[in-house]
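Each chain is listed here by its residues.
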Amino acid sequence: MKRTALPSTDLVVSEACLGTMTWGEQNSEADAHAQLDRAVAAGVNFIDTAEMYPAPPRPETQGRTETFLGNWLARQRRGELVIASKVAGPGRREWIRGGRTDLTAANIVEACEVSMKRLQTDYIDLFQIHWPQRNVPMFGQVAFDPALEKAPGGPGIREQVEGMAALVKAGKIRHWGLSNETAWGVCEFHRVARELGVPGPATLQNSYSLVSRQAEGDLAEVLFRERMSLLAYSPLGAGLLTGKYRGGVRPEGSRFALFDTLGARFRKPIVVEAIDAFLALAERRGISPVQLALGYVRSRHFVGAQIIGATTLAQLDENLAAAQFDLDAETRAEIDALLVRYPNPAN
């Protein structure tokens, strides 16, 4: 599998990153370890997790995913792998860290240290802020609403940068990044980091797929000018772009069958219409829907890696192969024509 150097870092990562959020909910620890072994055998060296996982998050399972990964990681050559995790933000899961979810410097450090223990490692290669502290549209929301502003608004960006800088200085993380962030937020984090003379964020992990393309506008420019790369999550649109939910079908054991409230942004009628159009395009071109979807994400200049998740080894094999698929010019032209009609339906 092709590997690439992430700009502004010394990290060289596989173009497919193994996602982990089903481990501990839909997948057992044995399943998780089998996926890890299969992915590494296929050339994957990049693994992404979070203190909040598995999803959907529950107090009873929180942290289980990192624990499963840590039990496997303890038997591996640590230096050959790039491990990413995330600190949860405020306002969504108040039972994490006993309710200490504001992104203070102390809470960021505490979250990292607890994650390191679960992961059985003395450093994390990439530590990310899972979602912003401030009022910002995210997870499918589009409009910014100033009426949702709170006073005081909690720890500011300066304190968050200071927390990450302290972890870098202590050798507990190599680099840090952002997730579910806006163009303004990325720019402000970099401005503050430059002012403090410390490393800024190296990556941005946002939703990106054929039906979720918010990253292609001002964010793409910010990533280019700040020498960052996108880590694309949900490149299959929560599984919809595989075609398995076509016609309203909900396969037994699938995410939408098990968890009726997950992925609301992907359940809008316009998204279903767009999905059907992309599935028809894949059929016309004689390729699989997964090849179409992951091949498109792979072709974007600002993507450093796409995060690939699965609940079965068969799904994982298909996804890893498709993440290395090159779309031909004719297929790309037909995709572009459809994107005029469906520019960003899930956002």
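Preceding block: the structure.
Residues numbered from 1 in each chain as written. Predicted model: local features only at pLDDT ≥ 70, side-chain atom pairs only at ≥ 80, totals over all residues. Heavy atoms only, no water.

Trainee: If you had to explain the overall build of the protein to someone new, which residues and values would you point to?
Mentor: Helix and strand counts for the protein come out as 11 helices and 10 strands. Whereas a compact globule of 347 residues would reach a radius of gyration of roughly 20 Å, the protein reaches 19 Å, a difference of no more than 12%. Principal-axis analysis of the C-alpha atoms places the extent of the protein at approximately 55 × 45 × 35 Å. A burial count over the protein gives 54% of its 347 residues as buried. Within the protein, contacts between residues at least 6 apart in sequence are counted, and of these 77% link residues at least 24 apart. If you sum the accessible surface of the protein, you get close to 14,400 Å²; carbon and sulfur atoms cover 52% of it. Taken together, the 39 basic and 40 acidic charged side chains of the protein have centroids lying 1 Å from each other. (Helix = DSSP H or I, 4+ residues; strand = E, 2+ residues; numbered from the N terminus. Rg over C-alpha atoms; globule rule 2.2 N^0.38 Å. Buried < 20%, exposed > 50% of the residue type's maximum accessible area, 1.4 Å probe, protein only. Contact = heavy atoms within 4.5 Å. Areas by Shrake-Rupley, 256 points an atom, 1.4 Å probe, with all protein chains shown as cover. Lys, Arg positive; Asp, Glu negative; His and termini not counted. Charge placed at Lys NZ, Arg CZ, Asp CG, Glu CD.)

Trainee: Quick one: what's the story with unusual backbone geometry, residue by residue and with numbers?
Mentor: As a rule of thumb, non-glycine residues mostly have phi less than zero, and peptide bonds are mostly trans rather than cis. Look at the link from Tyr53 to Pro54: it is a cis peptide, with omega at 15°. Within the fold, Pro54 resides in the loop between β4 (46-48) and α2 (64-73). For the bond running from Ala55 to Pro56, omega is 0°, close enough to zero to count as cis. With respect to the secondary-structure elements, Pro56 resides in the loop between β4 and α2. Here the phi dihedral of Ser8 falls at roughly 70°; this positive angle occurs in a residue that is not glycine. Along the chain, the position of Ser8 falls in the loop between β1 (3-5) and β2 (12-14). Residue Ser8 is classed as partly exposed on the basis of its relative accessible area of 40%.

Trainee: Before we move on, can you summarise helix α3 (residues 105-119) with the specific residues and values?
Mentor: An α-helical turn contains 3.6 residues, so a residue and the one three or four places further along point in the same direction. The end-to-end C-alpha distance of α3 is 21 Å, a good match for the 21 Å that 15 residues give at a rise of 1.5 Å each. For α3, the set of buried residues is Asn107, Ile108, Ala111, Cys112, Ser115, Met116, Arg118 and Leu119. Those residues of α3 that are buried are in contact with α2, β5 (82-87), β6 (124-129), α4 (157-169) and β7 (173-179). Immediately downstream of α3, the backbone of Gln120 shows phi near 55°, a positive value. (Expected span 1.5 Å × (residues − 1).)

Trainee: How would you summarise the nonpolar core if you had to cite specific residues and measurements?
Mentor: By size, the foremost hydrophobic cluster in this structure holds 84 residues, and its most contacted members are Phe127, Met164, Tyr208, Leu210, Leu230, Phe278 and Ile335. With 8 residues, the single largest contributor to this core is helix α8 (residues 269-285). If sequence neighbours within four positions are ignored, Met164 has contacts with Val87, Ile108, Phe127, Gln128, Ile129, Ile173 and Trp176. In this structure, Leu6, Val13, Val82 and Ile307 belong to the second largest nonpolar core, which totals 12 residues. (Core = buried A, V, L, I, M, F, W, Y, C linked by side-chain atoms within 4.5 Å.)

Trainee: Describe the side chain of Thr101, naming the residues involved and giving the relevant values.
Mentor: Residue position: Thr101 is located in the loop between β5 and α3. Aside from chain neighbours lying at most four places away, what touches Thr101 is Ala88, Gly89, Pro90, Gly91, Arg93, Glu94, Ile96 and Asn107.

Trainee: Explain the environment of Asp260 to me, and be specific about the residues and the numbers.
Mentor: Note on placement: Asp260 falls in the loop between α7 (255-258) and α8. Along the primary structure Asp260 and Thr101 are separated by 159 residues, whereas in three dimensions their C-alpha atoms are 26 Å apart. Ignoring any residue separated from it by four or fewer positions in sequence, one finds Asp260 in contact with Arg250 and Arg267.

Trainee: An account of the packing of α4 against helix α5 (residues 183-196) is needed here, citing residue identities and associated values.
Mentor: The angle between the axes and the distance between the axes are what describe a pair of packed helices. The contact between α4 and α5 brings their axes to 9 Å, and the two run at 65°. Judged by the twist between their axes, the crossing of α4 over α5 is right-handed. Taking contact as the criterion, the partners of Ile157, Arg158, Gln160, Val161 and Glu162 in α4 are, on α5, Trp184, Glu188, Phe189, Val192, Ala193, Glu195 and Leu196. For the contact of α4 with α5, a count of residues per class yields 7 nonpolar, 1 polar and 4 charged. (Axes fitted to C-alpha atoms, helices over the stretch in contact; angles between N-to-C directions. Left-handed = near helix turned anticlockwise from the far one by under 90°. Nonpolar A, V, L, I, M, F, W, Y, C, P; charged D, E, K, R; others polar.)

Trainee: A description of the packing of aromatic side chains should follow, citing residues and the corresponding values.
Mentor: Within this structure, the stated rule accounts for 4 aromatic pairs. Taking the centre distance of 6.3 Å and the plane angle of 70° together, the rings of Trp131 and Phe139 count as edge-to-face. Trp131 gets classed as buried once you look at its relative accessible area, which sits at 1%. Both rings, one in Tyr208 and one in Phe302, keep their centres 5.4 Å apart while their planes meet at 75°; by these two values the pair is edge-to-face. Note that Tyr208 is positioned in the loop between β8 (203-207) and α6 (218-225) and Phe302 in the loop between α9 (289-298) and β10 (303-308), a separation of 94 residues in sequence. Site record: aromatic cluster; members linked through ring pairs are Tyr208, Tyr296 and Phe302. Seen from the ring of Tyr123, Arg78 lies directly overhead, with NZ or CZ sitting 4.1 Å from the centre. (Phe/Tyr/Trp six-rings, centres within 6.5 Å; stacked < 30°, edge-to-face > 60°. Lys NZ or Arg CZ within 6 Å of the ring centre and 35° of its normal.)

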